[in-house]
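Remarks on the overall topology
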Amino acid sequence: MVFASHSFLAFLLILLAVYWLAARHHARWGKPILIVASFIFYGFWIPAYLVLLVASILFNHAIARALMAGPAPQMRRMLTVLGIALNLALIGFYKYAGFVVESLNWTLHTGFDVPDIILPIGISFFTFQQISLLVDAYRGRVQQLRFWDHVLFIAFFPQLIAGPIVRQDEMLPQLAARTDWRLRADYIAIGIALFSFGLFKKSVLIDPFVPYLDLVYDAAAAGDALGFVDGWIAGIGYGFQIYFDFSAYSDMAIGLGFMFGLHLPVNFFSPYKAHSIRDFWRRWHISLSRFLRDYLFIPLGGSRHGMMRTVAALMITMSLGGLWHGAGWTFVIWGMLHGAYLVVNHFWRALVARGRGQASESRQRPRWLRLPLHALSVVVTFLAVSFTWVFFRASDFDAALGLASAMLGFGGWHEVALITRGIVPLFPLYLLIVWFMPNTMELFQASRAALHIEQYRDDRQRPLRPGWLKFELSTRWAAITAAVFICAWFALSNLSPFIYFQF
Amino acid sequence: MDIDTNQPSDDSPARAAGRRFLRILAIGVVTIASVVACINLVAWRYMLAEENQAIVQLLSGWGRIYKPILYDDIKPEIAVFGASWARDGFDPIETGKLLGRRVFNHGVSGGSAYETRRFADSALGNPNLQAAIVNLDTFFRNETAARFRYGFDESILNVDAEHRPTPFVGLRRAYSLALGGWAVGANVKLISTILARDRGVARPDYLESYEQRNLTRRNMKPLRDRIFPDPERARRTTAGYTEPQEGVIPDEELDILIEGFCANGVDIYAYFTPTHMYKQSCDVTASRELAALDYLRRKQRSCVSRIQYFQFAYANMVTLEGVLSPVKASHFYRPDGHPRPTAGLMMAASMFDKPFPPGTPPMLAQDFGIDLISHADAEGWLLERAARCDGDWGEQGYDAMKQELLNP
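All figures in this text were calculated on a predicted structure; none of them were measured in a lab.

1. Section: the side chain of Ser276(A)
Residues and elements named next belong to chain A. By secondary structure assignment, the location of Ser276 is in the loop between β1 (264-265) and α12 (277-283). Here the side chain of Ser276 touches Asp279 through a polar contact of 3.1 Å, landing on its backbone nitrogen. With near-sequence residues (within four places) excluded, Ser276 lies in contact with Asn345 and Thr381.

What follows is the structure, encoded as structure tokens:
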């Protein structure tokens, strides 16, 4: 079930009504209702895959409990390896079997049948949550793990199929401490407002204009000639599409969680305001970046074992991060490009740090130059990221290469007449939003709906300006929310599922 | 971790503010939705009025949603299917007057093969439907084109892709008409267009399909030199018949669409758009047209209703407009190159064997399409006309066409 659909709105309305009726008399019924609703939500697409979800929970719960029971070190390691291996096998079979066979056929000229497996929705997300739980259990960081808490931690529908990838220490303590599961009017109000803003971003701001973008990618897939302008329209345009799509999803997920009194972590924080690629990854899909850092990059050596080890760790982490997004070489290349950017950033920072060490005070950067340099860094980062998006979006390697070549000037000026049509005239508006406007998390900061927001912005030290942008439970914001929701609802289309649902 | 899991008492200020917020939100949403629903439903009755049909059906933007519903209300005898090339080409009122039957234009902007087939599926429930005009360009396009576009909603069609009745279709349509965001956009556009018409604004200025292209903006010289070369070169022998080229195959959706019409006794009038020659690539082998002929002939053998196939997309009086003499306001083409409804009238007259509109040049009436399925030498006819794009006019036509075009 897609959040931006009439069926989901009906589901949510019924759930809120049932939950309210049940939990107002029996405060503890909230949890089982949410579990049942989450299973209905997941089973709406292919009910058979519910078995997979339940099996994953049962298996990982058994391993985690065994690890928490304090077995001998060798047994702990063995259990952890077994648990991680089986989780990876599950995702490997459902997500990568076809890709592996295709790659084998291509490289070894073999003729194995490519298995036609339907990817269980959200498998990449809940499998990663399970792996992080097992590793934390191995490290002795899981305080308490009750079965039904584990079930809701994995299956909670706002985060089940497209994240955020929630860590056990973010969700399990909330579930364990909660005794009163009744709905709160203020939480529902804030949750609905966040959900509405997310819905608006998707159904009004971006979805109606995506077909124009598809024209360029279709042309690339058909092998048509493309020019410099076409290439950049494709890269920047898709950058906006995925920005609004993922930002919308993240807002909606956090809003939905908060309606039921549960806090999900910040997952998206104005990534196009990033002044470096490192900064970009602190703001884009934050929960995935965090997972890759804690469970892959650091175990691979991180940045404390010399330059070569760091470069290797970065490239491996980002390549696998790319592959996580999709079973295709274009995703790997996308990840490798980001890995290469991070390596360049790493060298650059090392160079600057060395230079700073030798420079005298008089050679420090003058104050008047800081803003233009910052703006330049933001633009360069934005363009570098935009360049990578064509690999992420293009249907195959040839199409991606065609677009990348066009972006680098190996083609004409422009071939697909889109400059005055559809999405392109909206680019200035999108840039205004992504570069100059406060993001939803900042607008809603005072409501404390999302976890870790204070790591990105401390409202007490640097309050939001202008002050009227700050969300509050007032008549004015209720009217704004009603208008935003109505516009988003009217613009609803069930055509374009969230991009991150595919992962 | 700083997480507030304590529940405040029932009368906490935050909870009271939340309750007030939710009340205002609910009142706001219900009020706006009710007002919009009322406006939409009133506007819908207005859309159904006979005198507004040309505007309603030729409007671009929301056809995917309102056309299937409108179609079921009008229950026409003839329906046009295709993308915007078809939508802009046929004015339902003017074409209806010419043919003496109710015509519905089901063309939509960027209509894909799948969408067109699905609209046809939904339209088959209408017992009045006698004939379908099918634009073949939709089915002989790029394979990578999107299957459907923004706004296409299968749940409001009468049947699903496997021809099973769609559950609750009436309810879905009622919801769509009353609370669909498209309705607001369509209403605003429709009302402003109707107001412009009632103010006496000229038709090309208020109805996009009737807008006229300025053909003098295009350098026609290379085209003119190719199609009308020196007379010596112009009288070559037309190339012989070649087998349809491999790789030119129609989309499988066309097959499903034709099977549907055949099973319901609906006559099919298939055609390729008479695109202006400056927009056509020169294919003297007529590979696409021959492939379509071959395919439609095979379908006719097993079809109880009549299949007719018309080719208009070759060098003729329509597609050569403005090539020899300057034309500032095209009679046949819109600024984007789509044929205007004036060209559609010519096509309809040719397809249904009706008199051409008064003032039509005799040469146009003589040489503008023919039913190729019943023609004895359809291949020869197609190749002869395809060769014109390269200046090969055979033994006749060159001088006469040139004279007509020079003295329109």
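Next comes the rest of the write-up.
2. Some details on the packing of aromatic side chains
The relative placement of two aromatic rings is captured by the distance of their centres and the angle of their planes. Residues and elements named next belong to chain B. One pass over the full model with this rule turns up 71 aromatic pairs over all chains. Residues Phe119 and Phe152 carry aromatic rings whose centres are separated by 5.6 Å and whose planes lie at 80° to one another, so their mutual orientation is edge-to-face. On the criterion of sequence distance, the pair formed by Phe119 in helix α6 (residues 113-123) and Phe152 in the loop between β3 (131-135) and α7 (169-179) is long-range, its members being 33 residues apart. Here Phe119 matches Phe152 in class, with each residue buried.

3. As for the environment of Ile191(B)
Note on placement: Ile191(B) falls in helix α8 (residues 181-198). Sequence separation between Ile191(B) and Tyr46(B) is 145 residues; the distance between their C-alpha atoms is 9.2 Å.

4. Concerning the sheet that holds strand β5 (residues 307-311) of chain B
Residue and element names in this part refer to chain B. Judged by pairing direction, the sheet is parallel, and its 5 strands sit side by side in the order β2-β1-β3-β4-β5 without closing on themselves. Bordering the open sheet on either side are β2 (103-105) and β5, each of which pairs with just one other strand. With strand direction ignored, the average angle separating the axes of adjacent strands in the sheet is 15°. Where helix α12 (residues 252-263) meets the sheet, it contacts β1 (78-81), β3, β4 (267-272) and β5, and its direction lies at approximately 170° from that of β3. Strand contacts of helix α13 (residues 287-301): β4 and β5, with the helix running at about 170° to β5, the strand carrying the most contacts.

5. Details of the nonpolar core
Core analysis: the biggest nonpolar cluster contains 176 residues, and Phe8(A), Phe260(A), Tyr272(A) and Trp389(A) have the highest contact counts within it. The residues that make up this core include at least three from each of domain 1 (6-182) and domain 2 (187-502) of chain A. If we ignore the near neighbours within four places in the chain, the residues touching Trp389(A) are Tyr217(A), Gly235(A), Tyr238(A), Gly239(A), Ile242(A), Tyr272(A), Phe280(A), Trp284(A) and Trp334(A). Ile55(B), Phe119(B), Phe272(B) and Leu382(B) belong to the second largest nonpolar core, which has 69 residues in total.

6. Focus: the pairing of β1(B)
Residues and elements named next belong to chain B. Side-chain alternation along β1 places Ile78 and Val80 on one buried face and Ala79 and Phe81 on a second face that is also buried. Summarising the sheet, β1 and β2 pair through 3 bridges and their orientation is parallel. The residue bridging Ile78 from the neighbouring strand is Val103, located in β2. The pairing of β1 with β3 spans 4 bridges and is classified as parallel.

7. Considering the pattern of salt bridges
Residue and element names in this part refer to chain B. For the coordinates displayed, the defined rule picks out 41 salt bridges over all chains. Of the charged contacts, one joins Glu115 and Arg64 as a salt bridge, the two residues approaching to 2.7 Å between their closest N and O atoms. Of this pair, Glu115 sits in helix α6 while Arg64 sits in helix α3 (residues 63-74), placing them 51 residues apart in sequence. The class of Glu115 is buried, set by a relative accessible area of 0%.

8. Quick word on the domain arrangement of chain A
Residues and elements named next belong to chain A. By domain assignment, chain A separates into domain 1 (6-182) and domain 2 (187-502). Placing the centre of domain 1 and that of domain 2 at their C-alpha centroids yields a distance of 26 Å. With 39 residues of domain 1 at the interface, the matching set in domain 2 holds 37 residues. Of the roughly 3,400 Å² buried where domain 1 meets domain 2, counting both sides, 71% is carbon and sulfur surface. There are 14 residue pairs in polar contact (both at pLDDT 80 or more) connecting domain 1 and domain 2. When residues of the side of domain 1 that touches domain 2 are traced back to their parent elements, those giving at least two are α1 (6-25), α4 (73-108), α5 (123-138), α7 (157-160) and α8 (168-177).

9. Here we look at the side chain of Ser287(A)
Residues and elements named next belong to chain A. Locating Ser287 in the fold gives a position in helix α13 (residues 286-297). Residue classification places Ser287 among the buried positions, given a relative accessible area of 2%. Within the local environment of Ser287, its side chain forms a polar contact with the backbone nitrogen of Ile165, the two atoms lying 2.9 Å apart. Once you skip the residues sitting within four places of it in the chain, Ser287 turns out to touch Pro164, Ile165 and Asn267.

The rules behind the values
- Residues numbered from 1 in each chain as written.
- Chains lettered and ligands numbered in written order.
- Predicted model: local features only at pLDDT ≥ 70, side-chain atom pairs only at ≥ 80, totals over all residues.
- Heavy atoms only, no water.
- Helix = DSSP H or I, 4+ residues; strand = E, 2+ residues; numbered from the N terminus.
- Polar contact = N/O pair within 3.5 Å; in protein donor to acceptor, adjacent residues only side chain to side chain.
- Contact = heavy atoms within 4.5 Å.
- Phe/Tyr/Trp six-rings, centres within 6.5 Å; stacked < 30°, edge-to-face > 60°.
- Buried < 20%, exposed > 50% of the residue type's maximum accessible area, 1.4 Å probe, protein only.
- Pairing = 2+ DSSP bridges.
- Axes fitted to C-alpha atoms, helices over the stretch in contact; angles between N-to-C directions.
- Core = buried A, V, L, I, M, F, W, Y, C linked by side-chain atoms within 4.5 Å.
- Domains from an automatic or database assignment.
- Salt bridge = Lys/Arg side-chain N within 4 Å of Asp/Glu carboxyl O.
- Buried area = accessible area lost by both parts, 1.4 Å probe.

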